[in-house]
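Geometric and topological summary
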Amino acid sequence: MEDCVFCKIINGDIPSTKVYQDDVVTAFLDLSQVTPGHTLVVPNKHVKDIFAYDPDLATAVFSRIPKIARAIRASNKDIAGLNILNNNGKVAYQSVFHSHIHLVPRYSDQDGFSMHFTDNSDKYSNEQLQEIAENIAKNIEE
């Protein structure tokens, strides 16, 4: 895609700090560096978000995540964990509309990164949860 910043990075048209590249993905440091080593893994093929992946692309992209994650962890003895995040759509905080996966190294619970999951478990009956599950299940593509 002509005006996509990630496509330009993949093609070498604009500078980036690449950590890995092969025929399927490119991994480079996120400019924000939420924590040191914060890396983005992007498919070399332009796809907007996870909804645009076909099974082959998903297999190829996601199979590379563990080796890049292990390299990040091995790069700094102080890394104690890693968050893997994928935002899809503006409401889900996607800001560049070329699919990308964030690998955010974690150094401690005071490293400046946080996530919050609201516990709404008391708002749903078993029947409501079952209805939600059935609605999802009937839309699974084989």
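Residues numbered from 1 in each chain as written. Predicted model: local features only at pLDDT ≥ 70, side-chain atom pairs only at ≥ 80, totals over all residues. Heavy atoms only, no water.

Of all the residues in helix 2 (residues 55–62), the buried ones are Leu-57, Ala-60 and Val-61. Angular distribution of buried residues about the axis of helix 2 spans 95°; they occupy a single face of the element. Among the exposed residues of helix 2, those oriented more than 90 degrees off its buried face are Pro-55 and Thr-59. Looking at the buried residues of helix 2, the elements they touch are strand 2 (25–29), strand 3 (39–43), helix 3 (65–74) and strand 5 (101–106). (Buried < 20%, exposed > 50% of the residue type's maximum accessible area, 1.4 Å probe, protein only. Helix = DSSP H or I, 4+ residues; strand = E, 2+ residues; numbered from the N terminus. Arc of directions from axis to C-beta. Contact = heavy atoms within 4.5 Å.)

Burial analysis of strand 2 places four of its five residues in the buried class, the great majority of the element. Bridging between strand 1 (residues 18–21) and strand 2 involves three bridges; their strand directions are antiparallel. Among the inter-strand pairings, Gln-21 is bridged to a residue of strand 2, identified as Thr-26. Where strand 1 folds back on strand 2, the antiparallel hairpin that results is connected by three residues. The pairing of strand 2 with strand 3 spans five bridges and is classified as antiparallel. Among the inter-strand pairings, Val-25 is bridged to a residue of strand 3, identified as Pro-43. (Pairing = 2+ DSSP bridges.)

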